[in-house]
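Okay, here's what each chain looks like letter by letter:
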4 protein chains.
Amino acid sequence: LVIAKTKATGGTALLPELLAYTSSLAADRTLLREDLAGSLAHLTMLETVGLVPKEDAHAIRLELSTLAEEHARDLAWLPDEEDVHMAIEARLTEKLGERAGLLHTARSRNDQIALDLRLFVREGGRLALTEIAATLEAISARAKTDRDVLLPAYTHRQRAMPITGGFFWAAFGAALMRDVDAFAFAVSQADVLPLGVGAIAGTSLPIDRENVRALLGFSKISLNGLDTVGDRDFELDFTFAAARLMTHVGRIATDVVDFSSSEFGFLKLSDAIACGSSMMPQKKNPDLFELLRGKGARITGNLLGLLALVGKLPSGYGRDLQEDRASIFDARDAVLGALPMLRVGLANVTFDRARCLAAIDNDYMQATDIAEAMVLRHKTPFRTAYRAVGALVKTAQEMSVPLSKVTAAQAAAIDARLDEEVLAAADPRSSASRKTSAGGTAPARVDEQVAELELAAIRARALAEKIPSLDRILASLVAQKPQK
Amino acid sequence: LVIAKTKATGGTALLPELLAYTSSLAADRTLLREDLAGSLAHLTMLETVGLVPKEDAHAIRLELSTLAEEHARDLAWLPDEEDVHMAIEARLTEKLGERAGLLHTARSRNDQIALDLRLFVREGGRLALTEIAATLEAISARAKTDRDVLLPAYTHRQRAMPITGGFFWAAFGAALMRDVDAFAFAVSQADVLPLGVGAIAGTSLPIDRENVRALLGFSKISLNGLDTVGDRDFELDFTFAAARLMTHVGRIATDVVDFSSSEFGFLKLSDAIACGSSMMPQKKNPDLFELLRGKGARITGNLLGLLALVGKLPSGYGRDLQEDRASIFDARDAVLGALPMLRVGLANVTFDRARCLAAIDNDYMQATDIAEAMVLRHKTPFRTAYRAVGALVKTAQEMSVPLSKVTAAQAAAIDARLDEEVLAAADPRSSASRKTSAGGTAPARVDEQVAELELAAIRARALAEKIPSLDRILASLVAQKPQK
Amino acid sequence: LVIAKTKATGGTALLPELLAYTSSLAADRTLLREDLAGSLAHLTMLETVGLVPKEDAHAIRLELSTLAEEHARDLAWLPDEEDVHMAIEARLTEKLGERAGLLHTARSRNDQIALDLRLFVREGGRLALTEIAATLEAISARAKTDRDVLLPAYTHRQRAMPITGGFFWAAFGAALMRDVDAFAFAVSQADVLPLGVGAIAGTSLPIDRENVRALLGFSKISLNGLDTVGDRDFELDFTFAAARLMTHVGRIATDVVDFSSSEFGFLKLSDAIACGSSMMPQKKNPDLFELLRGKGARITGNLLGLLALVGKLPSGYGRDLQEDRASIFDARDAVLGALPMLRVGLANVTFDRARCLAAIDNDYMQATDIAEAMVLRHKTPFRTAYRAVGALVKTAQEMSVPLSKVTAAQAAAIDARLDEEVLAAADPRSSASRKTSAGGTAPARVDEQVAELELAAIRARALAEKIPSLDRILASLVAQKPQK
Amino acid sequence: LVIAKTKATGGTALLPELLAYTSSLAADRTLLREDLAGSLAHLTMLETVGLVPKEDAHAIRLELSTLAEEHARDLAWLPDEEDVHMAIEARLTEKLGERAGLLHTARSRNDQIALDLRLFVREGGRLALTEIAATLEAISARAKTDRDVLLPAYTHRQRAMPITGGFFWAAFGAALMRDVDAFAFAVSQADVLPLGVGAIAGTSLPIDRENVRALLGFSKISLNGLDTVGDRDFELDFTFAAARLMTHVGRIATDVVDFSSSEFGFLKLSDAIACGSSMMPQKKNPDLFELLRGKGARITGNLLGLLALVGKLPSGYGRDLQEDRASIFDARDAVLGALPMLRVGLANVTFDRARCLAAIDNDYMQATDIAEAMVLRHKTPFRTAYRAVGALVKTAQEMSVPLSKVTAAQAAAIDARLDEEVLAAADPRSSASRKTSAGGTAPARVDEQVAELELAAIRARALAEKIPSLDRILASLVAQKPQK
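Rules used in this analysis
Residues numbered from 1 in each chain as written. Chains lettered and ligands numbered in written order. Predicted model: local features only at pLDDT ≥ 70, side-chain atom pairs only at ≥ 80, totals over all residues. Heavy atoms only, no water. Salt bridge = Lys/Arg side-chain N within 4 Å of Asp/Glu carboxyl O. Helix = DSSP H or I, 4+ residues; strand = E, 2+ residues; numbered from the N terminus. Buried < 20%, exposed > 50% of the residue type's maximum accessible area, 1.4 Å probe, protein only. Pairing = 2+ DSSP bridges. Core = buried A, V, L, I, M, F, W, Y, C linked by side-chain atoms within 4.5 Å. Contact = heavy atoms within 4.5 Å. Polar contact = N/O pair within 3.5 Å; in protein donor to acceptor, adjacent residues only side chain to side chain. Least-squares fit on C-alpha atoms with pLDDT ≥ 70 in both. 1 Å grid on protein atoms, 1.4 Å probe; cavity = no way out; pocket = protein on both sides within 12 Å on 5 of 7 lines; lining within 4 Å. Points joined across faces, edges and corners; volume = space filled by probe spheres on them. Phe/Tyr/Trp six-rings, centres within 6.5 Å; stacked < 30°, edge-to-face > 60°. Lys NZ or Arg CZ within 6 Å of the ring centre and 35° of its normal. Buried area = accessible area lost by both parts, 1.4 Å probe. Expected span 1.5 Å × (residues − 1). pLDDT = per-residue confidence, 0-100.

Throughout the structure, instances matching the rule amount to 188 salt bridges over all chains. B:R343 is paired through a salt bridge with B:E131; the nearest N and O atoms lie 2.8 Å apart. With B:R343 in helix α12 (residues 325–347) and B:E131 in helix α6 (residues 109–145), this residue pair connects regions lying 212 residues apart in the sequence. A relative accessible area of 19% means that B:E131 is categorised as buried. Across the pair C:D181 and C:R459 runs a salt bridge whose closest N-O atoms are separated by 3.1 Å. Residue C:D181 is found in helix α7 (residues 165–190), and its partner C:R459 is found in helix α19 (residues 443–466); the two are separated by 278 residues along the sequence.

This is how it looks when you write it as structure tokens:
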């Protein structure tokens with residue numbers, strides 16, 4: 001087949017090295033299911049409106065279905081062509097001759113690739129939502145398990161306040177909840193049928209885009225052909241959602257890597273996930289979490305590559321856009337790879353409760369509690385209380401004792417309002433349970449937070465289920481094939 | 001005031017050069033209104049729950065209101081401090097003494113800055129939606145004005161098919177419609193109250209976050225303090241929406257720059273926007289559109305900077321996050337700067353209808369129409385028709401004539417189905433009106449598209465109006481001030 | 001082999017899904033030659049200093065050489081392992097048993113991978129310099145061919161001044177000359193032996209890094225182990241050089257795409273490189289140049305991904321760094337793919353001299369020449385001359401004639417200094433030849449420029465030849481193998 | 001003055017809002033010195049070749065010098081114009097009338113801005129090299145002070161091997177040495193005179209670019225005008241050097257932040273740089289190092305913005321390029337801000353030697369030493385020794401004792417070669433001193449490394465001194481002014 005090589009207009013064929021350089025077929029193989037689904041739906045529509053005779057439609061459908069089945073068994077053969085669309089057309093032509101040409105009626109590669117990519121992103125979003133749901137569940141379970149673990153929270157990598165293990169995990173869950181939103185947004189943006197605008201301006205043939213939309217499970221059809229063929233916003237949205245999610249994964253990984261160091265010692269890695277060193281026999285390394293920490297950078301790079309790619313392009317389709325593929329493939333792989341491995345990772349780390357507790361007993365993290373107790377009991381302006389407790393901390397530091405060992409007399413010498421009842425707040429072990437404000441670390445508050453995470457998991461699953469799976473769509477389109 | 005300089009704990013003051021380097025006050029001035037609104041709402045809540053006595057609350061409110069008024073008149077004075085929060089606290093202390101310290105009850109700079117930034121993004125989103133609405137209106141008007149202009153559409157920067165001017169502008173409108181979605185998403189993500197989680201873990205004081213939420217017009221309160229103080233996703237969402245919008249602006253600008261070249265000659269710039277050269281007296285340059293084309297790159301860079309900034313950070317707040325400001329300020333300025341100027345630009349370009357028409361008459365852009373006519377009339381498989389028309393084009397090219405000058409006999413010699421009725425599709429001037437499929441360039445279709453753009457403008461305005469304006473919020477909080 | 005799975009310390013093996021996720025073997029296969037060269041050099045050194053007995057060294061060398069030969073014939077088999085180093089070690093162990101373990105003496109995967117990557121970058125730089133040289137030659141040849149073509153130069157995409165075809169191509173050559181510098185810099189930064197610092201701190205064994213350096217053809221050895229194992233600057237330098245080069249390729253491609261549009265019509269694509277449309281039989285598209293234009297964005301994204309990856313990492317080696325591979329592979333492929341195809345492309349475009357000439361005759365591009373003639377002849381201040389010529393242009397525009405048709409009387413009415421001799425500069429065809437300042441477009445100047453480009457090509461080749469080729473290094477190391 | 005507003009050609013003035021939007025004057029003020037130096041040099045050349053009469057040249061020089069002096073005293077007044085070039089021209093015209101127009105002879109804003117930016121980058125590079133030199137000296141001094149401190153080195157954030165404090169600091173110095181190279185490269189790329197190519201194609205006037213080159217201290221003149229006016233590679237090089245340096249600063253900052261946590265406790269911050277918390281009176285935060293860690297992300301973003309900006313632009317000058325300024329300004333500010341503050345930071349942290357020593361005594365970091373001792377003494381294959389020591393570590397871990405407490409009998413039971421002499425390597429305190437390979441952590445090796453750093457500092461200073469300072473250039477050009 002030589003359409004894309006201008007033989008149709010009597011020109012000579014492309015240079016072979018040029019074909020090799022410009023062909024997107026290697027990348028496009030990833031899109032084969034998408035392309036077949038699109039072709040089958042287009043075919044059914046063409047048949048319905050009478051542009052393809054029933055018998056021809058059946059013959060073409062049979063061949064497309066065969067290819068889909070071969071693909072499912074990893075056996076699909078495709079001729080070398082510029083892209084997946086041409087390769088399928090060439091194969092059809094080999095089998096069906098001129099009749100194969102009916103399929104390309106009222107269709108251009110410009111709207112076809114836009115369709116494939118949208119189906120890919122929608123499917124990727126569906127799977128991402130499912131993975132996020134499973135991860136939210138895993139996080140919720142962890143938060144329950146570690147509900148009463150006490151450990152320090154950090155700001156500026158300095159111990160700040162005692163928190164619970166449940167609160168620690170729930171924080172990451174809260175970030176994941178936003179990822180549900182971002183992927184739902186990305187899917188909503190991809191959920192628009194581009195097929196039917198032809199190369200750019202539509203067609204004079206009596207096609208029915210609504211029919212194709214329904215067959216492929218889209219919510220809307222695209223508004224304007226010139227926009228449709230050059231629009232890659234849905235790829236940006238998807239890659240952005242992935243890059244943003246990966247920053248969340250990276251931040252939890254940073255915490256786990258640090259917390260599993262000898263110095264922190266808060267988390268222990270199980271042997272099943274600890275890696276060794278080729279030179280140092282004593283090492284147990286958190287490679288998995290380091291990789292999870294590092295994986296995001298490339299996706300960020302991909303997003304920016306995509307933005308730089310579309311920036312300044314003229315309207316309409318340009319071949320530059322072919323360079324978009326790798327970014328969304330990477331983005332999907334990163335998310336669908338990281339989340340299951342994160343769950344494996346989280347299932348293989350456990351808190352060392354004793355070390356965690358030692359860390360909160362050994363510092364002055366209850367200082368704010370004392371200041372707040374002073375505010376509550378004596379209506380002291382907070383800043384005044386803050387200064388008094390600052391002096392109290394200084395006294396304790398000079399004596400090298402914990403705050404609870406400063407005597408009532410010493411405290412009173414600083415400020416009379418630092419009385420016994422106020423000083424009762426100096427027990428770091430009860431600090432977390434006192435933080436009962438909404439969003440706080442008190443166990444009751446964390447229970448509420450975990451309940452929200454569980455709801456979010458349910459919501460994410462529900463969103464995923466509302467998105468038609470590509471396999472289901474393909475199966476239903478194949479199912480229309482006639483009996484031999 | 002020396003809180004941030006550790007004097008509270010008895011330590012010495014920061015080095016002055018260090019204070020200069022680390023201070024965010026310069027950038028924070030942009031956030032003064034936001035900070036005051038947050039402080040006033042927090043104060044009202046503290047008063048309501050009894051943590052600040054009524055009289056003190058009134059005194060503090062008076063001072064904050066005075067500052068807001070000075071700021072509105074560009075007269076606000078602030079002492080040199082680490083950041084805007086400390087500067088305001090210092091000023092209050094100067095005026096009110098110890099009582100000023102009441103305001104910081106149950107509040108940390110960590111949740112305060114998160115609030116300021118969310119208010120900033122929400123307001124920026126509100127203004128962006130308003131600008132997008134106005135631009136959609138301008139685009140719709142242009143599309144109506146140029147409804148019947150005929151010009152080529154391009155793919156691969158080669159003439160592809162005749163389209164109408166209305167269709168051309170509507171394509172850009174379709175892109176802007178997606179920007180409504182992206183900014184609406186960004187606003188929805190920013191629409192969460194962070195205040196009340198303290199430094200990280202909440203507070204033991206009986207605050208009422210719901211009260212603050214209502215006063216500041218947020219839809220929700222944040223779920224988990226550890227997440228809240230380190231979360232900058234809403235900044236990513238806003239900067240992404242801006243970067244994505246700027247790619248749309250950049251693409252329309254690319255078209256206008258090209259179309260206003262001598263070579264294309266489709267668009268004429270009015271003298272009011274044409275720039276000159278300092279060396280070449282004959283030049284009339286489209287500088288405005290070049291700047292609009294170039295402005296997006298920096299916002300893309302900002303987005304990357306923000307993603308790289310948060311990637312790999314530990315959980316909770318770290319001072320690194322202070323480096324976030326410039327990106328969202330730039331993003332807002334870029335959008336609020338570009339859209340009005342784009343409207344100015346579009347109001348000052350006009351189609352040269354004759355040159356546009358000459359371009360479509362001079363090429364072979366109606367080839368697809370002929371092929372489609374052949375498909376429709378003779379049920380020819382599209383690929384067969386495509387080849388026949390390809391041969392027809394070749395014949396015409398060899399004769400150096402337009403397609404309409406190829407004789408019936410010559411056409412029939414290629415393929416008998418290229419009959420008179422089919423060849424009637426060779427009129428390029430009627431090509432556009434034949435593209436009646438949904439999303440096509442036929443005027444009736446474009447009218448529908450324009451109607452959608454007008455609806456989108458209404459929707460964007462409605463979304464913007466549902467977002468409380470910062471000035472309105474601030475005024476209502478100030479209005480609670482007691483009479484002197 | 002289970003080193004990396006902590007069995008050495010008695011731990012259990014890694015989870016299989018974790019091994020699959022964390023393994024870099026797939027990417028590392030690209031580095032097999034590099035790794036073998038490194039191992040062979042290390043082996044020779046160990047033998048030389050007496051850490052590996054001669055006989056064992058020979059046995060190991062034989063196995064490594066066999067693997068190298070299999071690899072050259074694409075037949076290399078490697079067991080599934082965490083990375084290429086472990087895979088080779090595992091294979092050796094299978095063949096040689098315990099003796100294989102001698103090879104890992106005084107070596108860690110941390111310094112091994114640093115070596116592989118440096119060898120890869122050095123080789124990539126060598127090939128890039130060779131390709132740049134060839135492209136500079138092609139550009140120089142084109143500049144000579146098109147030495148006397150006259151066409152407009154553009155600023156702001158508006159016709160600015162007449163230039164020659166030679167000048168046009170030489171501009172792109174000038175950019176490529178800077179790429180010689182950037183790749184030479186990247187190679188110089190990669191040209192440092194990292195091997196021999198062990199995991200991080202060096203070794204207590206009496207190794208000889210100078211020996212390894214000489215065998216692998218490096219100029220220097222790395223200074224400090226802690227820095228060496230975590231340093232990826234050489235990857236940044238290489239990827240930066242690639243991203244920067246690709247912007248040059250992208251800009252020339254932008255010009256070619258525009259110049260081959262119907263509107264400009266300055267360049268004609270030969271059929272051998274013009275692509276067709278699947279829907280529009282008349283199209284001849286410059287897909288190759290569009291891809292060349294678009295290829296750079298991804299490399300820019302890769303560079304940024306790499307910077308984001310290393311940013312904020314702790315010192316020393318972390319597994320995050322494994323995510324560096326894809327960026328340098330992409331960077332090399334982009335450069336080594338684009339430059340030959342660019343040469344193919346340039347060999348298949350030709351200037352349409354008539355259209356180019358028509359463009360310069362049709363505009364007012366000689367305005368600056370007239371102003372300069374006025375300056376030269378009458379010592380008129382340039383700005384005064386500029387205004388006078390501006391008025392002259394306006395007069396001509398109002399009359400719709402070229403500048404040369406304005407009468408002497410009309411000119412004199414504007415400014416008496418616009419006399420006949422000055423107006424002689426109004427011939428656009430001689431405009432280019434008058435621009436004789438250094439760097440100008442006069443043919444004599446362009447000849448000098450082309451001579452510089454030719455020198456730069458020679459310099460680039462000389463630089464490339466001074467870099468030892470990986471194959472040569474590998475062959476010389478293999479050649480030390482004993483006769484069977 | 002209205003040149004840039006097309007009034008010269010009889011057109012009307014630009015819309016005021018458009019002028020406000022497109023003007024680069026605000027950013028350009030930073031470039032005032034550069035622009036004046038360029039104008040003065042251009043003027044001297046014009047005078048020398050006779051294009052500007054001596055008297056007029058003197059008058060113009062006087063005005064330019066006055067402006068330079070006002071600027072030095074921060075008193076320079078400039079009229080509102082499109083850019084700094086026009087503003088200066090307008091001011092001159094106000095003072096000198098028509099004669100001012102002589103200065104613009106044979107010059108365009110396109111080559112003028114290229115000159116200003118190259119002068120800026122060259123000066124920025126000079127200052128950066130000076131700062132790097134000072135930082136290398138500071139690092140060298142620190143390395144000497146902490147020569148004998150023992151602390152763990154980390155890979156994967158797990159303790160790996162004992163190293164010395166000197167080795168730790170020298171690692172960062174080694175990275176800075178590469179920054180000398182990168183900035184030297186950036187300066188070499190900027191070191192090319194662009195002025196004299198006019199708008200694009202050169203000039204017909206008899207200018208002398210060599211003269212201007214010498215006056216401004218450049219090494220070369222640019223090759224081709226079309227390339228020259230659109231080339232921003234030197235900005236990319238500078239921003240890249242800055243982004244790369246900032247990753248080094250970020251990594252040392254990451255280590256300092258971690259090492260100054262309670263958990264590591266290796267470094268103590270002096271009160272002079274420790275920041276407090278507004279809510280938690282006990283906190284001493286390493287804000288400075290967090291900011292240094294975070295500052296790089298924005299520069300990375302700037303680099304991307306710049307690459308995305310130039311990517312795909314047509315050849316020659318386009319107004320898009322105006323968007324380049326902020327990136328190089330940011331890049332310079334980041335580097336010149338961070339390095340002095342890093343020195344302040346390093347002068348205010350001290351090792352807690354006892355905590356460092358405890359960390360190396362408490363772990364199994366000498367395991368590799370024992371394996372190497374076994375290799376050295378018994379010619380054991382390293383991997384065999386590695387496994388034996390792995391078993392030894394396991395035994396010690398099960399007994400909860402350090403390696404030195406495993407008995408000779410227990411060791412011999414694992415492998416007879418683990419004899420007394422081999423086990424002598426179990427002293428972690430002597431581990432570092434045994435790593436005597438080049439690049440290793442043994443004090444003698446580190447002394448060599450520090451000597452290299454000191455040489456690099458000298459080299460950096462020498463490089464900086466060879467670059468003419470902008471102030472010096474400007475002063476010498478001003479000095480030519482006639483006596484009043």
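Below, the discussion takes up the pairing of strand β1 (residues 150–155) of chain C. Residue and element names in this part refer to chain C. Along β1, six of the six residues are buried, which leaves the element largely enclosed by surrounding structure. As paired elements, β1 and strand β2 (residues 158–164) share six bridges and run antiparallel to each other. Within the sheet, the bridge partner assigned to A153 lies in β2 and is M161. Once β1 ends, the chain turns through two residues before running back antiparallel as β2, passing H156 with a positive phi of about 60°.

Let us now look at the nonpolar core. Within the largest apolar cluster, 682 residues are counted, with the highest numbers of intra-cluster contacts made by A:F289, B:F289, C:F289 and D:F289. Excluding its chain neighbours within four sequence positions, the residues that come into contact with C:F289 are C:A253, C:V256, C:V257, C:L269, C:I273, C:L342, C:G345, C:L346 and C:V349.

Our next topic: the interface of chain B and chain D. With 67 residues of chain B at the contact, the number on the chain D side is 67 residues. Where chain B packs against chain D, one counts eight salt bridges. Where chain B touches chain D, the interface holds 22 residue pairs in polar contact (both at pLDDT 80 or more). Tallying contributions element by element places helix α11 (residues 287–310) of chain B first for the side of chain B that touches chain D, with 17 residues.

We now examine the relation of the copies chain A and chain B. Taken as rigid bodies, chain A and chain B are interconverted by a rotation of 180° and an axial shift of 0.0 Å, the fit giving an RMSD of 0.0 Å. What the rotation and shift describe, once combined, is the action of a two-fold rotation axis. For chain A, the minimum C-alpha distance to the rotation axis belongs to A:L304 and amounts to 3.3 Å. Interface overlap between copies is the fraction of interface residues in one copy that are interface residues in the other; for chain A against chain B it reaches 99%, indicating a shared surface.

Here we take up the layout of surface pockets. Size it by volume and the second largest pocket reaches roughly 1200 Å³. Forming the boundary of the second largest pocket are 40 residues, of which A:R298, A:D330, C:R298, C:A326 and C:D330 lie nearest the centre. For the lining of the second largest pocket, the element with the highest residue contribution is helix α12 (residues 325–347) of chain C, accounting for eight residues.

With respect to the helices, strands and loops of the structure, C:E34 is situated in helix α3 (residues 32–49). Discounting residues that sit within four places of it in the chain, C:E34 has contacts with C:D116, C:L119, C:F120 and C:L470.

With that settled, the discussion passes to the environment of B:P381. Residue and element names in this part refer to chain B. Here P381 is to be found in the loop between α14 (367–378) and α15 (382–399). Of the residues examined, P381 reaches a relative accessible area of 11% and is grouped as buried. Considering only alpha carbons, one finds P381 and A371, ten residues apart in sequence, at a separation of 9.6 Å.

So, on to the packing of aromatic side chains. Going through the model one piece at a time under the given rule, you end up with 54 aromatic pairs over all chains. Measuring from centroid to centroid gives 5.9 Å for B:F183 and B:F238, while their planes differ by 80°, and the two rings are edge-to-face. Separated by 55 residues along the polypeptide, B:F183 in helix α7 (residues 165–190) and B:F238 in helix α10 (residues 233–259) bring together distant segments of the chain. The exposure class of B:F183 is buried, given its relative accessible area of 1%. The buried category is assigned to B:F238, whose relative accessible area is 1%. Seen from their ring centres, D:Y154 and D:F259 are 6.0 Å apart, and the 50° between their planes marks the pair as tilted. One end of the pair, D:Y154, is in strand β1 (residues 150–155); the other, D:F259, is in helix α10 (residues 233–259), and 105 residues separate them in sequence. Its relative accessible area of 4% is what places D:Y154 among the buried residues. Directly above the aromatic system of A:F218 lies the positively charged group of A:R122, at a separation of 4.6 Å from the ring centroid. One residue, B:K295, lies across the ring of D:Y21, its end atom 5.1 Å from the ring centre.

All right, on to the interface of chain A and chain B then. Residue-level contacts link 109 residues of chain A with 108 residues of chain B. Both sides of the chain A and chain B interface together cover about 9100 Å² of buried area, and 60% of this is carbon and sulfur. For the chain A face of the interface with chain B, the top three residues by lost area are A:L223, A:R251 and A:R383, together amounting to 9%. For the pair chain A and chain B, the number of links is twelve salt bridges. Of the charged contacts, one joins A:R244 and B:D237 as a salt bridge, the two residues approaching to 2.8 Å between their closest N and O atoms. For the interface between chain A and chain B, the tally reads 58 residue pairs in polar contact (both at pLDDT 80 or more).

The next thing to look at is helix α11 (residues 287–310) of chain A. Residues and elements named next belong to chain A. Relative to the 34 Å expected for 24 residues at 1.5 Å per residue, α11 spans 36 Å between its end C-alpha atoms, a close match to the ideal helical length. Of all the 24 residues making up α11, 24 are buried; the element is thus mostly covered by neighbouring parts of the structure. Just downstream of α11 lies K312, where phi reads positive at about 70°.

Looking now at unusual backbone geometry. Even without a glycine there, the phi angle at A:A106 is positive, about 60°. We classify A:A106 as buried; its relative accessible area is 0%.

So, about helix α5 (residues 84–96) of chain A. All names here are of chain A. The terminal C-alpha atoms of α5 lie 18 Å apart, and with 13 residues this matches the ideal 18 Å at 1.5 Å per residue to within 8%. Taken as a whole, α5 has its buried residues at V84, H85, M86, A87, I88, E89, A90, R91, L92 and L96. Sitting at the head of α5, D83 places a side-chain oxygen 3.2 Å from the backbone nitrogen of H85. Note on α5: the residue one or two positions beyond its end, G97, has a positive phi of about 65°.

Residues and elements named next belong to chain D. With respect to the element layout, L269 can be found in strand β5 (residues 267–269). The buried category is assigned to L269, whose relative accessible area is 12%. Between the alpha carbons of L269 and K284 there is a distance of 8.3 Å; along the sequence they are 15 residues apart. Apart from residues lying up to four places away in sequence, L269 is in contact with S260, A274, K284, N285, P286, F289, N348 and V349.

Glancing now at the confidence of the model for chain A. Residue and element names in this part refer to chain A. Mean pLDDT over chain A works out to 93, with 96% of the residues at or above the 70 mark. Under a pLDDT of 50 for its full length, residues 1–11 has, in the predicted model, 44 contacts with residues more than four places off or in other chains. Two summary scores accompany this predicted model of the complex, namely pTM at 0.97 and ipTM at 0.96.

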